[in-house]
Amino acid sequence: MQTFNIFTVNVADLSYNKIASIPAKVFPIKSKLEVLNLASNSIELLEPECFTQLQKLKELKLNRNKLSSLPKLTFFKLQSLETLELNKNKLEKIPGLTFHGLKNVKILKLRKNNLRYLDDGAFYGLDSIEQLFLDRNQVRLTFNINKSTFYNFLSHSGRDGQ
């Protein structure tokens, strides 16, 4: 009988299952996981620090779930993450500092949610962002976004955010 060592797996595709939540610190500490696909489940809850042990993770797909909020510290320790996909969830708001600590994320996809509010500092910490997808949401620019929402992007373009 052949066995596998969970610590040596680089890619895990858990899409199209019936996962409803991701508990805190559920993944092994010495994980070598670089790609985690949790798309098309029924995930409603991501506990704070649920991905803390995935220090080598580069790509995280959470598309087509039932997420309505993103608790602080959910993604905090994902220093290697480059792509984060959250398309087709039920997100209505991105609180400030939600993505704090994701200094290497280049692609952030938030398409087809119910986003209405982007709080001050919603994208703070995305120091390497190259592509941000917010299409097919309900964001109203004149009432729900102010200049500090995109402060991080303005500071990278050589402007001072004013």
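The structure we're discussing is the one just above.
Just so it is clear, the model here is predicted, and its values are computed rather than measured.

Trainee: Just checking my understanding: could you explain the environment of I22 for this structure?
Mentor: One can find I22 in strand β2 (residues 21–22). Among the residues examined, I22 registers a relative accessible area of 5% and is labelled buried. Spatially, the C-alpha atom of I22 lies 6.2 Å from that of C50, the residues being 28 residues apart in sequence. The contact partners of I22, leaving out residues within four places of it in the chain, are F27, L38, I43, L45, L46, E47, C50 and F51.

Trainee: What exactly am I supposed to notice about the sheet that holds strand β8 (residues 107–109) here?
Mentor: What holds strands together in a sheet is hydrogen bonding between their backbones, with the strands either parallel or antiparallel. Read from one edge of the open sheet, six strands run β1-β3-β5-β6-β8-β10, paired in parallel fashion. Whereas interior strands pair on both sides, the edge strands pair on one side only; in this sheet they are β1 (11–13) and β10 (131–133). Within the sheet, the average angular offset between the axes of one strand and its neighbour, ignoring direction, is 0 degrees. Bridge count between strand β5 (residues 59–61) and strand β6 (residues 83–85): three bridges; the pairing is parallel. Bridge pairing in β6 links E59 to T83.

Trainee: So what exactly am I meant to see when it comes to the packing of aromatic side chains here?
Mentor: Two numbers describe a pair of aromatic rings. These are the distance of the centres and the angle of the planes. Per the stated rule, a full pass over the model turns up four aromatic pairs. Between F27 and F51, the ring centres sit 6.1 Å apart and the planes meet at 20 degrees, which makes this aromatic pair stacked. Taken as a pair, F27 in the loop between β2 and β3 (35–37) and F51 in the loop between β4 (45–46) and β5 lie far apart in primary sequence, 24 residues in all. Owing to a relative accessible area of 15%, F27 belongs among the buried residues under this scheme. Summarising the aromatic geometry, the rings of F99 and F123 are spaced 6.1 Å apart at their centres and angled 5 degrees between planes, so their arrangement reads as stacked. With F99 in the loop between β7 (93–94) and β8 and F123 in the loop between β9 (117–118) and β10, this residue pair connects regions lying 24 residues apart in the sequence. Each member of the pair F99 and F123 is classed as buried. Taken together, the ring pairs in this structure connect F27, F51, F75, F99 and F123 into an aromatic cluster. Over the face of the ring belonging to F133 we find K109, whose NZ or CZ atom lies 5.7 Å from the ring centre.

Conventions used here
All chains use their own residue numbering, which begins from 1 and follows the written sequence. Only residues with pLDDT of 70 or above have their local features reported here, since the model is predicted, and side-chain atom pairs are shown and tallied only from 80 upward, although totals for entire chains, interfaces and linings are computed over all residues. Note that water and hydrogens are dropped before the side-chain values are worked out from all heavy atoms of the structure. Every helix listed is a DSSP run of H or I at least four residues long, and every strand listed is a run of E at least two residues long, numbered separately from the N terminus. Using a 1.4 Å probe on the protein chains alone, a residue whose accessible area is under 20% of its type maximum counts as buried, one over 50% counts as exposed, and one in between counts as partly exposed. Here a residue-residue contact requires only that any non-hydrogen atoms of the pair lie within 4.5 Å. When DSSP finds two or more bridges between a pair of strands, those strands are recorded as paired. Fitted lines through C-alpha atoms give the axes, limited to the stretch in contact for helices. The angle between two N-to-C directions lies from 0 to 180 degrees. Centre distance within 6.5 Å is the pairing criterion for rings of Phe, Tyr and Trp, where only the six-membered ring of Trp is used; planes under 30 degrees apart are then read as stacked, over 60 as edge-to-face, and the remainder as tilted. In this scheme, Lys NZ or Arg CZ marks a charge over a ring once it lies within 6 Å of the ring centre and within 35 degrees of the ring normal.

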